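Coordinate analysis (summary)
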Amino acid sequence: EDVARRSGQGGPPRLRAPVKITIAAVGRMKPGPEKMLVNDYLNRAALAGRAQALCPFNISEIDERKAHDRAEQSLRLAAAVPAGAAAIALDERGETMTSPAFAKLMAAIRDRGAPEAVFLIGGADGHDRALCERAEKVLSFGPMVWPHMLVRVMLAEQLYRAVSILARSPYHRE
């Protein structure tokens with residue numbers, strides 16, 4: 001277990017079980033620049049995240065060949081969310097957040113004692129409505145539609161940025 005301070009509160013540090021962070025996504029990343037970027041940002045996040053009780057960072061991929069349509073993909077993504085975990089779906093119709101607000105969301109998930117936060121990235125047709133309704137939060141990287149492989153890169157960078165903000169490192173500038 002890591003020792004971490006409750007964000008925004010004084011007093012002695014308390015023991016806290018780290019929150020596992022999982023990106024559950026439809027499709028398999030092939031070797032290439034996107035995969036290199038995702039791995040780089042998640043490795044950075046893991047190193048910085050230990051002191052913030054946000055680690056490890058994992059990727060769970062749903063094989064598109066075994067889940068052909070949006071409904072089946074959404075069922076498989078939902079199955080990747082264990083009991084008690086925070087499910088956060090990424091969808092262009094979701095809420096946009098600033099990076100500091102996203103860091104606060106991550107801190108809130110950690111501080112309430114969730115064992116895991118699972119970020120759900122759909123395939124080419126997005127998520128089934130039922131999955132978005134089940135998710136605790138639906139986030140968007142803007143109203144434009146992004147290729148799901150780029151969404152992984154953008155999410156990995158924002159996870160690293162959130163950990164950096166919570167650690168008060170100079171990576172994020174306002």
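Residues numbered from 1 in each chain as written. Predicted model: local features only at pLDDT ≥ 70, side-chain atom pairs only at ≥ 80, totals over all residues. Heavy atoms only, no water.

**Considerations on the confidence of the model for the chain**
When the pLDDT values of the chain are averaged, the result is 91; 91% of them are 70 or greater. Note on residues 1–13: pLDDT under 50 across the span, and 33 contacts to partners over four residues away in sequence or across chains. (pLDDT = per-residue confidence, 0-100. Contact = heavy atoms within 4.5 Å.)

**Some words on the environment of Pro100**
Relative to the helices and strands, Pro100 is located in helix H3 (residues 99–111). For the pair formed by Pro100 and Ile121, sequence separation is 21 residues and the distance between their alpha carbons is 21 Å. Beyond its immediate sequence surroundings of up to four residues, Pro100 is in contact with Ile165, His172 and Glu174. (Helix = DSSP H or I, 4+ residues; strand = E, 2+ residues; numbered from the N terminus.)

**Some details on the nonpolar core**
Ile21, Phe102, Phe119 and Leu159 are the most contacted members of the largest nonpolar core, which has 35 residues in total. If you list the elements that add at least two residues to this core, you get strand S3 (19–26), helix H1 (33–49), strand S4 (54–62), strand S5 (86–95), H3, strand S6 (116–121) and helix H5 (148–166). The biggest single contributor to this core is H5, with nine residues. Beyond its immediate stretch of four places on either side in the chain, Phe119 contacts Ile21, Thr22, Ile23, Ala24, Ile88, Leu90, Phe102, Met106, Leu155 and Leu159. (Core = buried A, V, L, I, M, F, W, Y, C linked by side-chain atoms within 4.5 Å. Buried < 20%, exposed > 50% of the residue type's maximum accessible area, 1.4 Å probe, protein only.)

**Some thoughts on the pairing of S4**
When S3 meets S4, the two strands line up parallel, connected through seven bridges. Each residue of the ladder has a partner; that of Ala24, found in S4, is Ser60. Read from S3 through H1 to S4, the crossover connection turns out right-handed. (Pairing = 2+ DSSP bridges. Right-handed = clockwise from strand over helix to strand, strands pointing away.)

**What to know about the sheet that holds S6**
With respect to topology, five strands assemble into an open sheet ordered S4-S3-S6-S5-S7, the strand pairing being parallel. Only two strands of the sheet have a single partner each, and these edge strands are S4 and strand S7 (137–139). On average, each strand axis in the sheet is tilted by 25 degrees relative to the strand beside it, whichever way the strands run. (Axes fitted to C-alpha atoms, helices over the stretch in contact; angles between N-to-C directions.)

**Looking at the pattern of salt bridges**
As enumerated under the stated definition, the model contains 11 salt bridges in all. Put simply, Arg110 and Asp111 hold a salt bridge, and the shortest N to O gap is 2.8 Å. One exposure class covers both Arg110 and Asp111, and it is buried. Each of Arg28, Glu61 and Arg152 takes part in salt bridges that share partners, so that together they form one network. (Salt bridge = Lys/Arg side-chain N within 4 Å of Asp/Glu carboxyl O.)

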